[in-house]
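# Fold and contact review
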Amino acid sequence: PSAPAYEPKYKVYTAIIKQEGTDAPTFNVLENTLGLTFTSIRSSPGSYLLTPNIEFPREKTTLDIGTPHPDANTNTFKFQYTMIQGNSSEIRLNTFFASTSTWTQGDDAIRYNLFEIRVYN
């Protein structure tokens, strides 16, 4: 008898994300078994709304954005990202930076980061 076909435990959207100036984030897709595309808009400085063409079940979805790769001097600047799945059909991405101990939400902070969504079976 033949071996059963392998079925992955999840479907994935993996891309490299970047955002420059006041532009909305863009994605260089590496793998997309979800058939996913995004409408990406900038809501305000450091705040972006990503609207997918499909819905994600919240109880089976993980979101990940990789370690910051800023252009600025990391000895004096710190960067932080947050992603929130607001509902099954939108993701809010926020970017922050600090040159002292005060964090500010702002643009131009995402440089070639991993961006991944997994939806488990």
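Residues numbered from 1 in each chain as written. Predicted model: local features only at pLDDT ≥ 70, side-chain atom pairs only at ≥ 80, totals over all residues. Heavy atoms only, no water.

## Overview of the packing of aromatic side chains
Counted according to the given criterion, the structure contains 7 aromatic pairs. Plain terms: the ring middles of Tyr 10 and Tyr 120 are 5.0 Å apart, the flat faces sit at 55 degrees to each other, and that makes the pair tilted. Linking Tyr 10 in strand 1 (residues 10-19) with Tyr 120 in strand 9 (residues 110-120), this pair joins segments that are 110 residues apart in sequence. When its relative accessible area of 28% is taken as the criterion, Tyr 10 is described as partly exposed. We classify Tyr 120 as partly exposed; its relative accessible area is 31%. Summarising the aromatic geometry, the rings of Tyr 13 and Phe 38 are spaced 5.4 Å apart at their centres and angled 80 degrees between planes, so their arrangement reads as edge-to-face. Of this pair, Tyr 13 sits in strand 1 while Phe 38 sits in strand 3 (residues 38-44), and the two are 25 residues apart along the sequence. Since its relative accessible area comes to 2%, Tyr 13 is described here as buried. Taken together, the aromatic side chains of Tyr 13, Phe 27, Phe 38 and Phe 115 make up a single cluster linked through ring pairs. (Phe/Tyr/Trp six-rings, centres within 6.5 Å; stacked < 30°, edge-to-face > 60°. Helix = DSSP H or I, 4+ residues; strand = E, 2+ residues; numbered from the N terminus. Buried < 20%, exposed > 50% of the residue type's maximum accessible area, 1.4 Å probe, protein only.)

## Re the nonpolar core
Core analysis: the biggest nonpolar cluster contains 20 residues, and Tyr 13, Leu 36, Phe 38, Ile 91, Leu 93, Phe 115 and Ile 117 have the highest contact counts within it. Among the secondary structure elements, those contributing two or more residues to this core are strand 1, strand 4 (47-52), strand 6 (78-87), strand 7 (90-98) and strand 9. The element contributing the most residues to this core is strand 9, with 4 residues. Excluding residues within four positions of it along the chain, Leu 93 makes contact with Ile 17, Pro 25, Gly 46, Ser 47, Tyr 48, Leu 50, Ile 65, Thr 82, Met 83 and Ile 110. (Core = buried A, V, L, I, M, F, W, Y, C linked by side-chain atoms within 4.5 Å. Contact = heavy atoms within 4.5 Å.)

## Let's talk about the sheet that holds strand 9
Reading across the sheet, the 4 strands line up as 2-1-9-5 and stay open at both edges, with antiparallel pairing between neighbours. Either end of the sheet is taken by a strand with one partner, and the two such strands are strand 2 (26-32) and strand 5 (61-65). Each strand of the sheet is rotated relative to its neighbour by a mean of 20 degrees, with strand direction disregarded. Here strand 5 pairs with strand 9 via 5 bridges, running antiparallel. Pairing of Asp 64 across the sheet is with Glu 116, part of strand 9. (Pairing = 2+ DSSP bridges. Axes fitted to C-alpha atoms, helices over the stretch in contact; angles between N-to-C directions.)

## Considering the pairing of strand 9
Pairing of strand 1 with strand 9, which is carried by 9 bridges, proceeds in the antiparallel orientation. Bridge assignment links Thr 14 to a residue of strand 9, and that residue is Glu 116.

## A few points about the side chain of Ser 40
By the element assignment, Ser 40 lies in strand 3. There is a polar contact of 3.1 Å between the side chain of Ser 40 and the backbone oxygen of Pro 25. Once residues within four sequence positions are removed from consideration, Ser 40 is found in contact with Ala 24, Pro 25, Phe 27, Leu 49 and Leu 50. (Polar contact = N/O pair within 3.5 Å; in protein donor to acceptor, adjacent residues only side chain to side chain.)

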